[in-house]
Amino acid sequence: MNLFFKKYLKLLLSVNTRILAVFAVLLLWGCGGGGSSGSSGGDDSSGSSGGQVSTDLESPSNLIAVTTSASTIRISWEPNESGDVSYLIYRDGEEIAETQAERFEDSGLSSGTKYSYSAAVKVSDGSYSEPSNEDVARTLDSDRDDDWYNGTSVDTTFAEVNTTIARLDECTAGERVSDVWDIATENLNECLRAAAEVISLGDRVGALRAYVARLRREEDPALIELGMRLFHSKSLSLNNDSSCSSCHHPTLGCGSDGLSLPIGVNTVNPDLLGPGRSDGNLMPLLPRNSPPTCNSAIWSDSLFWDRRVSFRTGINNIEDKATYLANQVRTDDGDVSDDVNSFSEEIASNSLTLLMAQAHFPVVTAEEMGERGSFASDSDYRENIASGLSDEWDSLFEDAFGDSEKTFLRVSEALAAYQASQLFIDNPFFDFLDGNDDAMTEMQKRGGILFYTNTACAQCHDGPFFTLETSRGFRYPQIGVGTNEDGSDLERYRVPSLLNVSISGPWGHAGQFGSLERNISHYFNTLDSIQSYFGVDDTGTPLTDTVADLCELEQFEYLGSGCVDIVAPNGYQLTMDLVGDSPANRGESDDEIEILAEFLRALTDPSALPGTPEIDVLIPPRDGGPDGRQLDAVDQEGNSL
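On a predicted model such as this, the values are computed, not experimentally measured, just so you know.

(A) Quick look at the overall build of the protein chain. Assigned secondary structure in the protein chain consists of 22 helices and 12 strands. Considering the protein chain as a whole, with its 641 residues, one finds that 56% of them fall into the buried category. Expressed as a percentage of contacts within the protein chain between residues at least 6 apart in sequence, the contacts between residues at least 24 apart total 69%. In the form shown here, the protein chain has an accessible surface area of approximately 26,600 Å², with 46% of it arising from carbon and sulfur atoms.

(B) Structural view of the environment of Thr55. If you trace the backbone, Thr55 turns up in the loop between α2 (18-30) and β1 (61-67). Judged by its relative accessible area of 63%, Thr55 is exposed. Once the C-alpha coordinates of Thr55 and Ser127 are considered, the two residues, 72 residues apart in sequence, prove to be 9.6 Å apart.

(C) Molecular detail of the sheet that holds strand β10 (residues 329-330). In spatial order, the strands read β8-β9-β10; together these three strands make up an open sheet with antiparallel pairing. The open sheet has two edge strands with one neighbour each: β8 (302-303) and β10. Where β8 lies against strand β9 (residues 309-311), two bridges are found, and the strand directions are antiparallel. Paired with Leu303 across the strands is Val309, a residue of β9.

(D) Inspection of the sheet that holds β1 at higher detail. Taken together, the three strands give an open sheet; going across it, the order is β1-β2-β5, and neighbouring strands pair in antiparallel fashion. With one partner strand each, in any of the chains shown, β1 and β5 (103-106) form the two edges of the open sheet. Averaged over neighbouring strand pairs, the angle between their axes works out to 15° when direction is ignored. Direction of pairing for strand β2 (residues 73-78) relative to β5: antiparallel, over a ladder of four bridges. Bridge assignment links Ile73 to a residue of β5, and that residue is Asp106.

(E) Region of interest: helix α7 (residues 221-231). α7 sits mainly inside the fold: eight of its 11 residues count as buried. When α7 is considered as a whole, its buried residues turn out to be Leu223, Ile224, Leu226, Gly227, Met228, Arg229, Leu230 and Phe231. Lining the buried residues of α7 we find α12 (394-401) and α13 (408-420). The opening residue of α7 is Asp220, an N-cap whose side-chain oxygen sits 3.1 Å from the backbone nitrogen of Ala222.

(F) Representation of the packing of helix α15 (residues 442-452) against helix α21 (residues 590-601) in the model. Packing of α15 against α21 brings their axes to within 7 Å, and their N-to-C directions diverge by 100°. When the interaxial angle is binned, α15 and α21 end up roughly perpendicular. Contact with α15, carried on its side by Met443, Gln444, Arg446, Gly447, Gly448, Leu450, Phe451 and Tyr452, involves Glu592, Glu594, Ile595, Leu596, Glu598, Phe599, Leu600 and Arg601 of α21 and no other residues of that element. Within the contact of α15 with α21, the residues separate by chemical class into eight nonpolar, three polar and five charged.

(G) Spotlight on the pairing of β2. Across five bridges, the pairing between β1 and β2 is antiparallel. Residue pairing in the sheet places Ile64 in a bridge with Ser76 of β2. Hairpin remark: β1 followed by β2, antiparallel, with five residues in the connecting loop.

(H) Main features of the packing of helix α17 (residues 516-524) against helix α18 (residues 526-534). Their axes nearest at 6 Å, the elements α17 and α18 cross at an angle of 130°. In terms of axis orientation, α17 runs oblique to α18. Only Thr526, Ser529, Ile530, Ser532 and Tyr533 of α18 make contact with α17, whose side of the interface consists of Arg518, His522, Tyr523 and Phe524. Residues that form the contact of α17 with α18 fall into these classes: four nonpolar, four polar and one charged.

(I) Quick peek at the state of the cysteines. A complete count under the given rule lists two disulfides for this structure. Two residues share a disulfide in this structure: Cys171 and Cys191, whose sulfurs sit 1.8 Å from each other. Here the S-S torsion is close to 85°, and the disulfide linking Cys171 with Cys191 is therefore right-handed. Within this pair, whereas Cys171 is found in helix α4 (residues 169-172), its partner Cys191 is found in helix α5 (residues 188-197), the two being separated by 20 residues in sequence. For the residue pair Cys171 and Cys191, the accessibility class agrees, reading buried in each case. Covalently, Cys254 is tied to Cys294 through a disulfide, its sulfur atoms 2.1 Å apart. Judged by the sign of its S-S torsion, about 115°, the bond between Cys254 and Cys294 is right-handed. Linking Cys254 in the loop between α7 and β8 with Cys294 in the loop between α7 and β8, this pair joins segments that are 40 residues apart in sequence.

About the thresholds
- Residues numbered from 1 in each chain as written.
- Predicted model: local features only at pLDDT ≥ 70, side-chain atom pairs only at ≥ 80, totals over all residues.
- Heavy atoms only, no water.
- Helix = DSSP H or I, 4+ residues; strand = E, 2+ residues; numbered from the N terminus.
- Buried < 20%, exposed > 50% of the residue type's maximum accessible area, 1.4 Å probe, protein only.
- Contact = heavy atoms within 4.5 Å.
- Areas by Shrake-Rupley, 256 points an atom, 1.4 Å probe, with all protein chains shown as cover.
- Pairing = 2+ DSSP bridges.
- Axes fitted to C-alpha atoms, helices over the stretch in contact; angles between N-to-C directions.
- Polar contact = N/O pair within 3.5 Å; in protein donor to acceptor, adjacent residues only side chain to side chain.
- Parallel < 35°, antiparallel > 145°, perpendicular 65-115°, else oblique.
- Nonpolar A, V, L, I, M, F, W, Y, C, P; charged D, E, K, R; others polar.
- Disulfide = S-S within 2.5 Å.

Without other data, these values stay purely geometric and don't point to any function.
What follows is the structure in C-alpha cells.
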C-alpha cells in the first residue's frame with residue numbers, strides 16, 4: 001500500500017470518520033493500492049500489510065541499502081528488541097515484501113537505477129510502525145567480469161591526464177579559452193564531463209562500483225561482528241589501554257583520529273579520542289598520521305604510508321580473480337607473509353589478504369599497542385594475544401568460524417572483514433557523471449575542470465579512487481619524531497585516495513595541514529608555504545611577530561609560541577634539505593585554490609559523516625564488550641563518539 005495513502009488513512013481514523021475511512025479503503029483497493037509486486041530474495045512474500053500504523057511501535061533503526069549487482073540491492077537494519085515481529089519492506093514508497101529476517105535481497109531490478117528503501121516493524125495484531133529512515137542505492141550499470149579491478153591505472157600517460165581547457169571543444173564553444181573563469185556557466189557541465197572522459201573516468205567509476213559490489217557480496221555478518229568487537233577492544237594491546245579504534249574510529253575522519261600525529265598507549269584517558277588525547281608527552285611518539293580505514297579494502301597494491309605491506313604483483317597485472325588470488329603478499333616480516341599467503345592458498349575465495357597482513361603490525365608496535373617484550377618473536381607474542389582472549393569471546397568465534405579456537409590469523413581475518421565493510425564511494429561528483437547536473441555547485445564544477453586540466457592534480461590522483469597507488473615525493477614539512485635520528489622521514493609516500501578527503505584531516509603524511517585550502521596551497525607555492533609554516537623568513541630566521549602555521553594546528557596550539565621548537569626542532573632545515581634548490585611556485589590564486597577545495601568536497605560520501613546509519617553500525621553497543629575491555633570512545637567534552 002502506498003505510504004501516502006497509509007498516512008491519509010491514519011488521519012481519517014484518528015478523527016473517527018469511519019464512513020470516509022471505509023470509502024478510502026475501497027478506493028485504494030480499487031486503484032491497485034492493496035499491494036505491490038516486487039522481486040525479493042529468500043522466503044519473503046509481498047503484499048498488503050493490513051492493520052494500521054501504531055505510534056507505540058519503534059521503527060527498525062539504522063536501515064542501510066547497498067548494491068551487490070546490476071539487478072540486486074541488499075537492505076539491512078538493526079533488529080527490533082520487541083521479540084516476535086516481522087518487517088515490512090518498502091521500495092520507492094511501495095510495500096514489496098514482509099520478512100522475519102534482518103536483511104533482505106531485492107532482486108530483479110533494472111540496471112543503473114536508483115531505488116529508495118525503508119522498513120517498518122509489524123506485530124501479531126497486524127499493526128505496524130512508521131517506516132524507518134530512508135536509504136538510497138543504485139544498481140550497477142552491468143555485471144562485470146573484471147570486478148577484481150578497482151579502476152586504478154598507471155597506464156594513463158601524464159600527457160593524457162594533464163590536458164588543457166583549450167583542447168576541449170565542450171569548454172570553449174568555438175572561442176579559445178585557457179582560464180577556468182572564462183568558461184560560460186552553460187558550458188560547465190559538458191566541459192567537466194569532457195575533461196573526465198579524457199581518462200575514461202566514467203567507465204572506470206563503473207569498475208570501482210563493481211569492485212565494491214563484489215566486496216559486499218563477500219561479506220560475512222558473523223565475521224564482521226567479531227571483527228568490530230576486536231577492533232574496539234583494548235584486549236589486543238599489551239597494557240589493555242589501547243585498541244585499533246584508538247587511532248581509527250569510524251566517527252573521526254572516516255576511520256582516522258582527527259589528530260595530526262596519533263597517540264596510542266599510556267594515555268591519560270584511554271577512551272578519549274581526537275583533540276585532547278594525551279600521553280603526557282609534548283611531542284607525540286608516533287611519526288605519521290593515522291590514515292582512514294574507510295575504503296581500505298579498495299587498495300589493490302599496498303597499505304601503510306610507506307607501502308610496507310604490498311602485493312608482489314603490481315596493480316597493472318591484476319586482470320581477473322585468478323590472478324588476484326594467486327598474488328603473494330610481501331611484508332618485512334617473513335612469518336606474517338608466509339602465514340597470510342598460506343591462508344590465501346587454502347581459502348581460494350578470500351580477498352582480504354592485504355588487510356589481514358596489515359593487522360599484524362600495530363599490535364607489535366611499542367607506541368601504538370605495545371611490543372613483544374620477553375617473547376622470542378613477534379609471532380609468539382601475537383599468538384599469546386589471541387590465546388589470551390577470555391572465554392567470553394567463544395560464542396563470537398564460534399559464530400564466525402564454527403568453533404572457539406583463537407589464533408591471530410583468525411583475529412586478523414575478522415579485523416580485515418570489519419575494515420572491508422567500511423565502504424564509502426557514493427558522492428556528488430559520481431552522481432554528476434551519471435547525468436545529474438544539479439549534484440554539484442558551480443564552484444565545484446569549475447574546480448573539477450581545473451583539477452583535470454590546467455594543474456597536475458590528476459597526474460597522481462588519477463582514476464575513480466583518485467590515486468595511482470604508487471609513491472611520490474610530497475615535499476611536505478618535516479615535523480614530529482620522524483623515523484630517523486635527526487627527525488627526518490621518508491622522501492616518498494603512497495599517494496592517498498581523495499575519496500572522502502574533506503572529512504579525513506588533518507592532511508599530509510604527518511597531518512601537517514589543518515584545512516584543504518592550506519594543503520592545496522602548499523603544492524602551488526611551496527617555498528612561501530614552508531616559510532609561513534615554520535614562521536621564518538627566507539634565511540630561516542624566526543619572525544617574532546608571526547605565528548607559525550604549524551602552531552595553529554588544533555593538536556599543538558596549546559603549546560603557544562614554543563610550538564615549533566617542540567614539534568619540529570629541526571623542521572625548517574630538514575624540509576629545505578628535502579625540497580632542494582627548486583621548490584614549486586606555480587602561483588595559483590586564492591580563488592583557484594578555493595574552487596579546487598570545493599571540488600574535493602564533492603568527493604565525499606554523505607553516508608561517511610558522523611551520525612549516519614552507515615557509521616553508527618560500525619560502532620558496537622556501549623556495553624563494555626565481551627570481556628569488559630571495550631573502548632567506548634568519548635571526545636574531550638565527554639560526549640560519546
